[in-house]
Amino acid sequence: EAGVAQSPRYKIIEKRQSVAFWCNPISGHATLYWYQQILGQGPKLLIQFQNNGVVDDSQLPKDRFSAERLKGVDSTLKIQPAKLEDSAVYLCASSLVTGSSPLHFGNGTRLTVT
Amino acid sequence: QQQVKQSPQSLIVQKGGISIINCAYENTAFDYFPWYQQFPGKGPALLIAIRPDVSEKKEGRFTISFNKSAKQFSLHIMDSQPGDSATYFCAASFFKRAGSYQLTFGKGTKLSVIP
């Protein structure tokens with residue numbers, strides 16, 4: 001099966017600019033996640049979708065981050081305006097269902113904010 | 001209370017040796033404990049997972065040992081190979097609310113297996 005697709009692979013922007021990331025999950029996976037992985041740390045959940053509805057966005061900085069999953073398939077994560085501390089790898093993952101269903105991660109987008 | 005503490009931060013093991021990575025948690029609501037392996041430039045991939053109703057799970061050269069009373073679990077890699085060189089993350093999840101299982105990751109252990 002095709003894996004989780006993410007684009008772009010790399011992005012460099014200046015602070016206060018905006019940026020968007022795209023994710024296409026594995027076909028048939030109902031649950032989609034966006035994680036932030038800062039260098040040297042484990043992934044931290046930003047938002048979780050079940051089909052096209054948000055089930056957990058408690059750790060999403062909503063003043064600058066937004067995400068959507070239209071039609072319950074692919075998803076976009078946006079940051080506006082970006083801050084230096086947003087420099088990280090943004091990982092998208094999907095799973096068949098929630099719970100103990102394994103997460104399948106994409107290779108991420110490495111964001112550098114200068 | 002939702003933290004998962006992982007140690008060591010980095011580990012160097014001789015080829016053929018045993019690699020051991022430890023994790024500890026506080027939240028007794030955690031009910032699923034996976035380990036993920038991540039190579040540079042790649043996303044994490046599920047390696048092995050355990051539920052707290054068993055004390056050990058083995059898959060090939062990889063074994064999870066789980067101590068519920070101590071709230072600790074560990075990953076053992078037997079006969080470590082250079083291809084095992086990667087960053088390993090322990091994680092734990094619990095049922096947060098309807099449709100939402102929160103998965104919390106440790107900070108990772110960078111394993112280097114030297115020939």
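Everything numeric here is computed off the predicted structure, so don't read it as measured data. In every chain, residue numbers begin from 1 and rise along the written sequence. Working convention: letters from A go to chains and numbers from 1 go to ligands, in the order in which they are written. Selection of residues for local features in this predicted model requires a pLDDT of at least 70, selection of side-chain atom pairs for listing and counting requires 80 or more, and totals for whole chains, interfaces and linings are taken over all residues. With hydrogens and water stripped out, all remaining heavy atoms of the structure feed into the side-chain values.

Trainee: Quick one: what's the story with the sheet that holds strand β3 (residues 19-24) of chain A, residue by residue and with numbers?
Mentor: Residues and elements named next belong to chain A. Criterion used throughout: strands pair if DSSP finds at least two bridges between them. In this text, helices come from DSSP runs of H or I with a minimum length of four residues, and strands from runs of E with a minimum of two, each type numbered from the N-terminal end. One open sheet accounts for four strands, arranged β1-β3-β8-β7; its pairing is antiparallel. Two strands in the sheet have a free side with no partner beyond their single neighbour: β1 (5-7) and β7 (65-68). The mean inter-strand angle of the sheet, taken between neighbouring strand axes irrespective of direction, is 15 degrees. Bridge count between β1 and β3: three bridges; the pairing is antiparallel. Paired with Q6 across the strands is C23, a residue of β3. Angles run from 0 to 180 degrees between N-to-C directions of axes, and those axes are lines fitted to C-alpha atoms, restricted for helices to the stretch in contact.

Trainee: So what about the state of the cysteines? Which residues, and what values?
Mentor: Working definition: a disulfide is two cysteine sulfur atoms within 2.5 Å of each other. By the definition in use, this model includes two disulfides over all chains. Paired through a disulfide, A:C23 and A:C92 show a sulfur-sulfur distance of 1.9 Å. Judged by the sign of its S-S torsion, about -65 degrees, the bond between A:C23 and A:C92 is left-handed. Placement of A:C23 in strand β3 and of A:C92 in strand β9 (residues 88-95) is noted, with a sequence separation of 69 residues between them. A single burial state applies to A:C23 and to A:C92, both of which are buried. Residue B:C23 pairs covalently with B:C90 via a disulfide, S to S 1.9 Å. Every disulfide takes its handedness from the sign of the S-S torsion; for B:C23 and B:C90 that torsion is -95 degrees, giving left-handed. Within this pair, whereas B:C23 is found in strand β3 (residues 19-25), its partner B:C90 is found in strand β9 (residues 86-97), the two being separated by 67 residues in sequence. Accessibility here uses a 1.4 Å probe with only protein chains present; expressed as a share of the type maximum, an area under 20% marks a residue as buried, one over 50% as exposed, and anything in between as partly exposed.

Trainee: Describe the pattern of salt bridges, and please don't skip the residues or the numbers.
Mentor: By salt bridge we mean one thing: a side-chain nitrogen of Lys or Arg within 4 Å of a carboxyl oxygen of Asp or Glu. Evaluated as defined, the whole model comprises five salt bridges over all chains. Put simply, A:D86 and A:R64 hold a salt bridge, and the shortest N to O gap is 2.5 Å. One end of the pair, A:D86, is in the loop between β8 (75-79) and β9; the other, A:R64, is in the loop between β6 (53-56) and β7, with 22 residues separating them in the sequence. On the accessibility criterion, A:D86 (2% relative accessible area) is buried. Salt-bridge contacts for B:K57 lead to B:E59; the nearest nitrogen and oxygen are separated by 3.7 Å. B:E59 sits in the partly exposed class, given a relative accessible area of 37%.

Trainee: Tell me about the sheet that holds β3(B), residues and numbers included.
Mentor: Residue and element names in this part refer to chain B. A sheet is described by the order of its strands in space; here five strands give the open sequence β1-β3-β8-β7-β6, paired in antiparallel fashion. One side of each edge strand has no neighbouring strand; the edge strands of this open sheet are β1 (4-7) and β6 (56-59). Each strand axis lies, on average, 15 degrees off the axis of its neighbour in the sheet, ignoring direction. Both strand β7 (residues 62-67) and strand β8 (residues 72-77) contribute to a ladder of six bridges, which runs antiparallel. Counterpart to I64 in the pairing with β8 is L75.

Trainee: How would you summarise the side chain of A:R69 if you had to cite specific residues and measurements?
Mentor: All names here are of chain A. Summarising the element assignment, R69 is placed in the loop between β7 and β8. The charge count includes Lys and Arg as positive and Asp and Glu as negative, but it does not include His or the ends of the chains. No salt bridge is formed by the buried R69. Its closest oppositely charged neighbour is D74, at 7.0 Å. Think of a polar contact as two N or O atoms within 3.5 Å of one another; within protein, one of them needs to be a possible hydrogen donor and the other a possible acceptor, and neighboring residues in sequence only count if both atoms come from side chains. Reaching out from R69, the side chain makes a polar contact with the backbone oxygen of H29 at a distance of 3.1 Å. Here A30 takes part through its backbone oxygen, which lies 2.6 Å from a polar atom of the side chain of R69. We call two residues in contact whenever any of their non-hydrogen atoms come within 4.5 Å of each other. R69 has contacts with P25, H29, A30, T31, L32, F49, Q50, N51, N52, D74 and S75, leaving out every residue within four places of it along the chain.

Trainee: Can you break down a nonpolar patch on the surface residue by residue, with the values?
Mentor: A cluster of nonpolar side chains, contributed by B:I18, B:I20 and B:M78, occupies part of the molecular surface with about 240 Å² of accessible area. Residue placement: B:I18 occurs in the loop between β2 (10-14) and β3. Excluding any residue in a salt bridge, patches collect residues exceeding 30% relative accessible area, merging like charges within 9 Å and nonpolar Val, Leu, Ile, Met, Phe, Trp and Tyr side chains within 5 Å. Only the protein chains shown count as covering a residue, and every accessible area follows the Shrake-Rupley method with a 1.4 Å probe.

Trainee: Provide a residue-level description of the pairing of β8(B), including the pertinent values.
Mentor: Residue and element names in this part refer to chain B. Both β3 and β8 contribute to a ladder of six bridges, which runs antiparallel. Considered in β8, the bridge of S19 is made with I77. Connecting β7 to the antiparallel partner β8 that follows it, the hairpin turn spans four residues, and K71 within it adopts a positive phi of roughly 55 degrees.

Trainee: Pulling in residues and values, what's your account of the nonpolar core?
Mentor: Within the largest apolar cluster, 25 residues are counted, with the highest numbers of intra-cluster contacts made by B:F33, B:W35, B:F73, B:L75 and B:Y88. Residue assignment for this core shows that the elements contributing at least two residues are β2, β3, β4 (33-38), β5 (45-50), β7, β8, β9 and β11 (109-114) of chain B. No other element matches β9(B), which puts five residues into this core. Counting 21 residues, the second largest nonpolar core, distinct from the first, contains A:V4, A:I47, A:F65 and A:C92. Only buried residues count toward a nonpolar core, which is a set of Ala, Val, Leu, Ile, Met, Phe, Trp, Tyr and Cys residues joined through side-chain atoms within 4.5 Å.

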